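# Report on the structure
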Amino acid sequence: MTMKSMTAPAPTSGLGHSLKPRQLTMMGLGSAIGAGLFLGSGAGVQAAGPAVLISYLVAGTLIILVMWALGEMAAANPNSGAFSVYAEKALGKTAGGTIGWLWWLQLVVVIAAEALGAAGLLFSVWPVVPVWALALIFMVVFTGINLVGVRNFGEFEFWFAILKVAAIVIFLLIGAALLLGLLPSAPSPGLSAFGDFAPNGIGGIAAALFVVIFAFGGTEIVSVAAAETEDPAHSVGKAIRTVVWRILVFYIGSVFVIAAILPVGSEGLKSPFAGVLDLAGIPGAGAAITLVAVVALLSALNANLYGASRMVFSLSRRGEAPRFLSRLSPAKVPVAAVGVSVAFGFIATVLELLFPDLVLPALLNLVGSTCLVVWGIALVSQLILRRRADREGTELPLRMKGFPVLTIVGLVLLGIIFAVGFANPESAGQLFGTAALILVIALGCYLNARSKAGKARAEETDGAV
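Residue indices follow the written sequence of each chain, beginning from 1 at its first position. Restriction of local features to residues with pLDDT of at least 70 applies here, the model being predicted, together with a cutoff of 80 or more for giving and counting side-chain atom pairs; totals for whole chains, interfaces and linings are based on all residues. Neither water nor hydrogens contribute to the side-chain values; these are computed over all heavy atoms in the structure.

In the nomenclature of an unreviewed UniProt entry, the protein chain is known as Amino acid permease of Paenarthrobacter ureafaciens. UniProt positions are given in the numbering used here, feature names are shortened, and annotations may be inferred rather than shown by experiment. Under the UniProt heading Sequence similarities (unreviewed entry), the note attached to the protein chain is "Belongs to the amino acid-polyamine-organocation (APC) superfamily. Amino acid transporter (AAT) (TC 2.A.3.1) family." The record held by UniProt for the protein chain lists under Subcellular location (unreviewed entry) the comment "Membrane".

## Describing the packing of aromatic side chains
Here a pair means two rings of Phe, Tyr or Trp (six-membered ring of Trp) with centres within 6.5 Å. Their orientation is stacked below 30 degrees between planes, edge-to-face above 60, and tilted elsewhere. Applying the stated criterion across every chain, the model contains 12 aromatic pairs. Note on Trp 101 and Trp 104: the rings are 5.5 Å apart at their centroids and 85° apart in plane angle, and the pair reads as edge-to-face. Of this pair, Trp 101 and Trp 104 both sit in helix 6 (residues 93-125), three residues apart, which is roughly one turn of that helix. Summarising the burial analysis for this pair, Trp 101 and Trp 104 share the class buried. The structure contains a cluster of three or more aromatic residues connected by ring pairs, namely Trp 101, Trp 104 and Phe 344. Secondary structure elements follow DSSP: runs of H or I no shorter than four residues count as helices, runs of E no shorter than two count as strands, and numbering proceeds from the N terminus. Exposure classes here rest on a 1.4 Å probe applied to the protein chains alone. A residue is buried below 20% of its type maximum, exposed above 50%, and partly exposed in between.

## Remarks on the environment of Met 27
By the secondary structure assignment, Met 27 is in helix 1 (residues 21-32). For Met 27 and Val 222, which are 195 residues apart along the polypeptide, the C-alpha to C-alpha distance reads 7.0 Å. We call two residues contacting when some pair of their heavy atoms lies within 4.5 Å. Among all residues touching Met 27, those that are not within four sequence positions of it are Leu 19, Phe 153, Ile 221 and Ala 225.

## With respect to the pattern of salt bridges
Here, a salt bridge means any Lys or Arg side-chain nitrogen found within 4 Å of an Asp or Glu carboxyl oxygen. Applying the stated rule across the entire model yields nine salt bridges. Of the charged contacts in the structure, one is a salt bridge between Arg 386 and Asp 390, with a shortest N-O distance of 3.2 Å. You can see Arg 386 and its partner Asp 390 sitting in helix 16 (residues 370-392), four residues apart, about one turn around the helix. A salt bridge links Arg 399 to Asp 390; the nearest nitrogen and oxygen atoms lie 3.0 Å apart.

## Topic: helix 7 (residues 131-147)
Helix length check: helix 7 (17 residues) gives 24 Å between terminal C-alpha atoms against 24 Å at 1.5 Å per residue, within 8%. Among all positions in helix 7, only Ala 133, Leu 134, Ala 135, Phe 138, Met 139, Phe 142, Thr 143, Ile 145 and Asn 146 are buried. The elements touched by buried residues of helix 7 are helix 6, helix 8 (150-179), helix 13 (285-317) and helix 14 (335-354). Between the first and last residue of a helix there are one fewer steps than residues, each counted as 1.5 Å, and that sum is the expected span.

## Looking at the side chain of Ser 84
Positionally, Ser 84 belongs in helix 5 (residues 83-91). Of note is the side chain of Ser 84, whose polar atom sits 2.6 Å from the backbone oxygen of Gly 96. What Ser 84 contacts, discounting residues up to four positions off in sequence, is Gly 96, Gly 97, Ile 99, Gly 100, Met 311, Leu 315 and Arg 318. N or O atoms within 3.5 Å of each other form a polar contact, as long as, within protein, one can give a hydrogen and the other can take it, and as long as residues adjacent in sequence are counted only when both atoms are side-chain atoms.

## Overview of a nonpolar patch on the surface
A surface patch of nonpolar side chains, amounting to about 560 Å² of accessible area, comprises Ile 347, Val 350, Leu 351, Leu 354, Phe 355 and Leu 358. Note on placement: Ile 347 falls in helix 14. A residue counts toward a patch only above 30% relative accessible area and without a salt bridge, and it is joined to like-charged neighbours within 9 Å or, for Val, Leu, Ile, Met, Phe, Trp and Tyr, to nonpolar neighbours within 5 Å. Using a 1.4 Å probe, accessible areas were evaluated by the Shrake-Rupley method; residue-level cover was limited to the displayed protein chains.

## Some words on the packing of helix 6 against helix 16
All axes are obtained by fitting lines to C-alpha atoms, using only the stretch in contact for helices, and the reported angles, taken between N-to-C directions, cover 0 to 180 degrees. Two numbers describe how helix 6 lies on helix 16: the axes approach to 10 Å, and their chain directions differ by 150°. Here helix 6 is positioned roughly antiparallel relative to helix 16, judged by the angle of their axes. Along this stretch, helix 6 crosses helix 16, giving a crossing that reads as left-handed. Where helix 6 approaches helix 16, its residues Ile 99, Leu 102, Trp 103 and Gln 106 are matched on the opposing element by Thr 370, Cys 371, Val 373, Val 374 and Ile 377. The class makeup of the residues in the contact of helix 6 with helix 16 is seven nonpolar, two polar and no charged. These descriptions rest on fixed angle ranges, namely under 35 degrees for roughly parallel, over 145 for roughly antiparallel, 65 to 115 for roughly perpendicular, and the rest for oblique. Handedness of a crossing is defined here by the sense of rotation of the near helix relative to the far one, left-handed for an anticlockwise turn of less than a right angle and right-handed for a clockwise turn. Gly is put with the polar residues, along with every residue not named as nonpolar or charged; the nonpolar set is Ala, Val, Leu, Ile, Met, Phe, Trp, Tyr, Cys and Pro, and the charged set is Asp, Glu, Lys and Arg.

## Describing the nonpolar core
We call a set of buried residues a nonpolar core when its members are Ala, Val, Leu, Ile, Met, Phe, Trp, Tyr or Cys and they connect through side-chain atoms within 4.5 Å of each other. Counting residues in each nonpolar core, the largest one holds 149 residues, and the members touching the most others are Leu 62, Phe 83 and Trp 375. Per-element tally for this core: the top contributor is helix 13, with 18 residues. If sequence neighbours within four positions are ignored, Trp 375 has contacts with Leu 62, Ile 63, Val 66, Ile 213, Phe 216, Gly 217, Glu 220 and Leu 414.

## Let's talk about the environment of Gly 49
Mapped onto the secondary structure, Gly 49 falls in the loop between helix 3 (41-48) and helix 4 (52-76). For Gly 49, a relative accessible area of 0% translates into the label buried. Separated by 96 residues in the primary sequence, Gly 49 and Ile 145 have C-alpha atoms spaced 41 Å apart. Residues within four places of Gly 49 in sequence aside, it is in contact with Gly 44, Phe 197, Pro 199 and Val 264.

## Observations concerning the side chain of Thr 370
The topology assignment puts Thr 370 in helix 16. Beyond its immediate sequence surroundings of up to four residues, Thr 370 is in contact with Leu 102, Trp 103, Gln 106 and Thr 434.

## What about unusual backbone geometry?
Cis geometry is adopted by the peptide bond preceding Pro 404, which originates at Phe 403 and carries an omega value of 0°. Counting through the fold element by element, Pro 404 comes out in the loop between strand 2 (398-399) and helix 17 (405-423). Although it is not a glycine, Ala 82 adopts a positive phi angle of roughly 40°. Locating Ala 82 in the fold gives a position in the loop between helix 4 and helix 5. Accessibility expressed as a relative area gives 0% for Ala 82, which makes it buried. Of note, Lys 332 is a non-glycine position whose phi angle comes to about 65°, a positive value.

If you want it as structure tokens, here you go:
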């Protein structure tokens, strides 16, 4: 991406602008490094063996292209509605409202899953406070963090991300030492696992692709946070450039180590980081990596509550949600938006505790494919808005290189992932569920837009009379 000297216009939403560039950078990195990597990467290795690296390269390429596209739009128009606002400008109000509400629903459902997941993991190593109480404590604490101001939120995310990055760096160093035979406590497995690079063939790579793609979900929150950053054009550009290569190094490096050390069928793949550290003879590895996973889940909970509140705030400002949700506190925090977002999470958490394994899985199945839809709409919006800007001669503070070829490449990759998903019965059900949810939300947004247009026409007629 290239940056011009022009600075993006300051947002007029009334939100604060106290996020630091370092906080935005680490937020983008930390939101992508979550439980999907620490606990879920083993499922990808199990499905494809070492060939899972191909799946991660494809998914990583896609998220890089999406981040570049979002960065271009966020630098030109930093807005808490981010891709929802860009979709509205490119595709109309119904599209903008639909993608905003869809993303909000995904986040508030995931908030409940993350609170319960973190509570369950912590209880497994510290069985003192019951799971329901831990989940409640997490929800209350992070609601408080989000209510006291964006600077505090950014600082928490910064240090959460630092902890996760430090854990991955230590893991990579230990993994490299094990592979090179530098640890006296364990023999080196070498690279013998790569002799059977793709034990399940192309089908395994395809299945793993749909598994690993969701590990990158959450990076789009950078475009939402840009609205509260001091210098959006500079901060967004730096965050994207930094996040892109770090994600690839951390993800590809970690998965390479796991695939080389833990063969398909290994029990260690259930918790791959702990499995590798156990083989390396590191005492307390399981408990340590479990605590890191707790931090990863709490970091995601914190970020998702922030993202959900800002999205519904933006929807309210644009007339797509009740007006009271756009009210700001003296600290320039949308208090009502935070409250509504966390309330749904509280309800989902209570229902899951009352009806285990019934409510939350059903909700997660509905919103499970949301990130794919958001990424697709973001690429389409950038394609339209960039061509419009070029046609009108509009200067952009940040320009995506290789346009429109790279944007189209991203859409093609996304199309391949959807095709893989629909070919798999398990993921096909999730995709159809998300499609049904989109239709319901879109109908509601369309009827809302028609109602408002009708009222506007009526008011104009009354005024003319």
